[in-house]
Amino acid sequence: MIPEFVLELDKYDVLAHKRDEFNLPDGVIYLDGNSLGPLSKHTQQHLQQVVQSQWGTDLIKSWNTHQWIDLPSKVGEKIAPLIGAAPGQVICCDSISVNLFKLLSGALKINSERRVILSLKDNFPTDLYIAQGLSQLLGTDRCELKQVELPDLLDQLDDSVSVLLLTQVNFRTGDLLDIQAITQYAHEHGILVVWDLAHSAGALPLELDKHQVDFAVGCGYKYFNGGPGAPAFVYVNQRIQERIRQPLTGWMGHRAPFQFDNEYQPSKGVSHFLSGTPNILSLAGLDAAMDAFSGVDMGDIRNKSIALSELFLRLVSEAESLTNLECISPLDAQQRGSQLSFAHPQAHAICQALIAQDVVADFRAPNIVRFGFTPLYQRFADIWQAVKILNQVVSSERYLKAEFQQRQKVT
Ligand SMILES: *Cc1c(COP(=O)(O)O)cnc(C)c1O
């Protein structure tokens, strides 16, 4: 059945022991951890405990006795080493969308003699929508979103640009941008840069401090497995913390929330990016989920991710029935994140037919089927099995069945 060389890859996998920390449903091959990470055993236990003994028993005392009040920064500090950030620069709160609003507003204010937010046309829509909303709020004389194509990016980084807003890994194609080179080039032109790390954090080694990144946001529920709607994180580089002010000046970002002053005074450092009361249950899920990364080298994660995706590509290229799947991700593994995307006119139906066979991938409009690689719990044998089933689904044209043609709200 499974070829010997695939079993060997699993045998010598330095992350193989990690899989047992997750509660994966039997028989399911999960290639969608880049959209919603799975539940770890520790997260499940911890959430039960937080609900029963903290909320259920200790009630409001828990803000102090279980340090609920410190959770946004505690979880931020767990994330920090995984993104190359020294302490005091990362906090967990809200969603990426809301945090982008805060960062873009604050960054525009610092660079207020310029008004352009520059981004890419194929950036993740919420990033563009937030910039559009901000432009509507401030007026185009103070904020205008300009969207360009990737090949034109560097040419467009001129003195009119206030803030550059980029996502490191393209959610459709998996194209990977060079944070160091782009940040440096932008800085040479007096531009502040906001990096969206939704498909990077937990998937790739990152060196935000070393690369002099100004600001970043990332996702708690994708590669960090924090659970549906887990809070996002915000990174604000130390050297710029005193200069940025964010506009959602809620009480949790106040210097002393329980003095109930009438005047807002931001707390020091990144913690003034908090606005309202933290979502303790979601944060507790993310807190526990982060423990799966303790002692894990992000270099090992990256190496295994590349090995998994290279195996997937090789098996797809060997299958005659799969020649109609057009790989739209970079074929050079160094140029892509932790996913492979394929275009096909029936991508949606293929994805549905795969899910019906317990191979969970996702569909991205208009014609992309996307496979995410998550080294903490995937085995090389899973990849082999997934491509085998993909091959069966496509060669049998089973995906043409009516049941696979229905679109649901969430793809
Ligand atoms: C998933 C994702 C988001 C999610 O934003 P939320 O506001 O947290 O829902 C944002 N940006 C990118 C690039 C993403 O992939």
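The paragraphs below set out a description of the structure included in this document. Bear in mind the structure is a predicted one, so any value in this text is a computation, not a measurement. (Residues numbered from 1 in each chain as written. Predicted model: local features only at pLDDT ≥ 70, side-chain atom pairs only at ≥ 80, totals over all residues. Heavy atoms only, no water.)

Another aspect to go through is the sheet that holds strand β10 (residues 339-343). One open sheet holds the 4 strands; their spatial order is β9-β10-β13-β12, and the pairing between them is antiparallel. Strand pairing shows two members of the sheet lacking a second neighbour, β9 (326-327) and β12 (362-364), which therefore form its edges. In the sheet, β9 pairs with β10 via 2 bridges, with the strands oriented antiparallel. When the sheet's bridge partners are listed, Glu-326 is paired in β10 with Ala-343. Packing of helix α11 (residues 298-318) onto the sheet brings it into contact with β9, β10 and β13 (368-372), and relative to β10 it is tilted by some 25 degrees. (Pairing = 2+ DSSP bridges. Helix = DSSP H or I, 4+ residues; strand = E, 2+ residues; numbered from the N terminus. Contact = heavy atoms within 4.5 Å. Axes fitted to C-alpha atoms, helices over the stretch in contact; angles between N-to-C directions.)

What follows concerns the site of the ligand. All residues in the neighbourhood of the ligand are listed as Ser-95, Ile-96, Ser-97, Phe-124, Thr-126, Asp-127, Thr-167, Asp-196, Ala-198, His-199, Tyr-221 and Lys-222. At 2.5 Å from an oxygen atom of the ligand is found a side-chain nitrogen or oxygen belonging to Ser-97. A distance of 2.8 Å is found between an oxygen atom of the ligand and a side-chain nitrogen or oxygen belonging to His-199. Coverage of the ligand by the protein chains reaches 87% of its 390 Å² of free accessible surface. (Near = heavy atom within 4 Å. Polar contact = N/O pair within 3.5 Å; in protein donor to acceptor, adjacent residues only side chain to side chain. Areas by Shrake-Rupley, 256 points an atom, 1.4 Å probe, with all protein chains shown as cover.)

Nonpolar side chains in soluble globular proteins tend to end up buried together. Counting 53 residues, the largest nonpolar core has Ile-79, Ile-83, Leu-164, Trp-195, Leu-197, Phe-224 and Phe-233 as the members making the most contacts within it. Ranked by size, the runner-up nonpolar core spans 38 residues in total, among them Ala-349, Val-359, Phe-363 and Ile-383. (Core = buried A, V, L, I, M, F, W, Y, C linked by side-chain atoms within 4.5 Å. Buried < 20%, exposed > 50% of the residue type's maximum accessible area, 1.4 Å probe, protein only.)

Moving on to the sheet that holds strand β2 (residues 90-93). On the basis of which strands lie adjacent, the open sheet formed by 7 strands has the order β2-β8-β7-β6-β5-β3-β4 and mixed pairing. Looking at the sheet topology across the chains shown, the edges are occupied by β2 and β4 (144-148). Sheet twist, expressed as the average angle between the axes of neighbouring strands with direction ignored, equals 20 degrees. When strand β7 (residues 215-218) meets strand β8 (residues 232-236), the two strands line up antiparallel, connected through 4 bridges. Looking at β8, one finds that Val-217 is bridged to Val-234. The strands that helix α4 (residues 71-79) touches are β2 and β8; relative to β2, the one it contacts most, it runs at about 125 degrees.

What follows covers the packing of helix α1 (residues 4-11) against helix α13 (residues 380-396). The relative placement of two packed helices comes down to the angle between their axes together with the axis-to-axis distance. Axis separation between α1 and α13 bottoms out at 8 Å; the angle between their running directions is 145 degrees. Two secondary-structure elements touch here, α1 through Val-6, Leu-9 and Asp-10 and α13 through Phe-380, Ala-381 and Trp-384. Here the contact of α1 with α13 is built from residues that sort into 5 nonpolar, no polar and 1 charged. (Nonpolar A, V, L, I, M, F, W, Y, C, P; charged D, E, K, R; others polar.)

So, about the layout of surface pockets. Volume-wise, the largest pocket comes out at about 730 Å³. Lining the largest pocket are 38 residues, with Ser-35, Phe-124, Arg-364, Val-410 and Thr-411 sitting closest to its centre. Those elements that place two or more of their residues in the lining of the largest pocket are α5 (96-110), α6 (125-138), α12 (347-356) and β12. With 4 residues, the top contributor of residues to the lining of the largest pocket is α12. Taken together, the residues of the lining of the largest pocket break down into 16 nonpolar, 13 polar and 9 charged. (1 Å grid on protein atoms, 1.4 Å probe; cavity = no way out; pocket = protein on both sides within 12 Å on 5 of 7 lines; lining within 4 Å. Points joined across faces, edges and corners; volume = space filled by probe spheres on them.)

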